[in-house]
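# Structure assessment
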Amino acid sequence: RSTMFDVFISYSVVDTKMAEAIKNTLEEKGVRCWKAPENIAPGQLFEEAIAAAIPRCKIMLLIWSVNSQASDQVKRELAMACKKRLIIIPFRIDNVVPEGTFEYYLTSVHWLDAIDQRQIGRSLDILLDRVVVNPPRYNQQIKNKSESLFSMAVSRHSSGEFLSSANLAAGN
């Protein structure tokens, strides 16, 4: 059975020191983090390890910088995390506006700002609260809603009740 993680840390290799500091802070509080290259087994392909890790996480912490904006790897990780319905938390360390693919994925997502060194501690506290104290329930809510809609459809089908234009017009 695969190990589950709370947070997948996505970052540009140029921002490694910041990624390591954030990972250490989260792990000190009991948050299980996945971060390359530490969690990649010797001899394992990076792409294979990352593709396997993302679905085993609840949250993607995207360390956002001018370097992330330029990283095709970060772009692929973000796309996969969205496809797998992870909660995306951008942690902005540079004042850079997302463009292209990043703009598409990040337009409606709330950011944590750590552009100013004085904001880092506060933003990490907010992040810890989100991950440890009030963990996300997004994936479970979607799963429950999907299962509920499926059960309702099966029940209606089994009872001979089908959706027709008359039923839809009547609000049934």
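Residues numbered from 1 in each chain as written. Predicted model: local features only at pLDDT ≥ 70, side-chain atom pairs only at ≥ 80, totals over all residues. Heavy atoms only, no water.

## Comments concerning the overall build of the chain
The criterion, for reference: Note on conventions: DSSP H or I runs of at least 4 residues are helices, E runs of at least 2 residues are strands, and numbering of each starts at the N terminus. Under the scheme applied here, a residue whose accessible area is under 20% of the maximum for its type counts as buried, over 50% as exposed, and between as partly exposed, the area being computed with a 1.4 Å probe on protein chains only. Contacts: residue pairs with any heavy atoms within 4.5 Å of one another. Using the Shrake-Rupley algorithm and a 1.4 Å probe, accessible areas are obtained, with residue cover drawn only from the displayed protein chains.
When its secondary structure is counted, the chain shows eight helices and five strands. Moving toward the C terminus, one meets the helices and strands of the chain in the order β-α-β-α-β-α-α-β-α-β-α-α-α. Counting across all 172 residues of the chain, residues that qualify as buried make up 36%. For the chain, the proportion of contacts with a sequence separation of at least 24, taken over those separated by at least 6, is 69%. Entry remark: accessible area of the chain is about 10500 Å², with carbon and sulfur atoms responsible for 53%.

## As for the sheet that holds strand S2 (residues 33-34)
How we decide: Two strands qualify as a pair provided that DSSP identifies no fewer than 2 bridges between them. Angles shown run from 0 to 180 degrees and are taken between the N-to-C directions of axes, each axis being a line fitted to C-alpha atoms and, for helices, limited to the stretch in contact.
Sheet architecture is open: five strands sit in the order S2-S1-S3-S4-S5, paired in parallel fashion. The outermost strands of the open sheet, each flanked by one partner alone, are S2 and strand S5 (112-113). Note that strand S4 (residues 87-92) and S5 share two bridges and pair parallel. Across the sheet, residue phenylalanine 91 finds its bridge partner in S5, namely leucine 112. Where helix H1 (residues 16-28) meets the sheet, its contacts fall on strand S1 (5-10), S2, strand S3 (57-64) and S4, and the angle it forms with S3 comes to roughly 145 degrees.

## As for the packing of aromatic side chains
What counts is decided by this rule: When two rings of Phe, Tyr or Trp (its six-membered ring) have centres within 6.5 Å they constitute a pair, described as stacked for plane angles under 30 degrees, edge-to-face for angles over 60, and tilted for the intermediate range.
Enumeration over the complete set of coordinates arrives at four aromatic pairs. Considering the side-chain rings of phenylalanine 8 and tryptophan 34, the 5.1 Å spacing of their centres and the 10 degrees angle between planes classify their relative orientation as stacked. On the criterion of sequence distance, the pair formed by phenylalanine 8 in strand S1 and tryptophan 34 in strand S2 is long-range, its members being 26 residues apart. For phenylalanine 8, a relative accessible area of 1% translates into the label buried. Residue tryptophan 34 is classed as buried on the basis of its relative accessible area of 2%. For the ring pair tryptophan 64 and tryptophan 111, a centre distance of 5.9 Å and an interplane angle of 70 degrees mean the geometry is edge-to-face.

## Thoughts on the pairing of S1
Within a regular strand, the side chains alternate between the two sheet faces. The buried fraction of S1 is high, at six of six residues. When S1 meets S3, the two strands line up parallel, connected through five bridges. Directly across from phenylalanine 8, in S3, lies its bridge partner methionine 60.

## Here we look at the environment of tryptophan 111
What counts here: The term polar contact refers here to a pair of N or O atoms within 3.5 Å; inside protein, the definition further demands a hydrogen-donor-capable atom paired with an acceptor-capable atom, and it admits residues adjacent in sequence only when both atoms are side-chain atoms.
Mapping tryptophan 111 onto the fold places it in the loop between helix H5 (101-106) and S5. Along the chain, tryptophan 111 and leucine 62 lie 49 residues apart, while their C-alpha atoms are 9.7 Å from each other. Among residues more than four places away in sequence, those in contact with tryptophan 111 are Trp64, Pro90, Arg92, Pro98 and Leu106. Polar side-chain contacts of tryptophan 111 include one of 3.3 Å to the backbone oxygen of valine 109.

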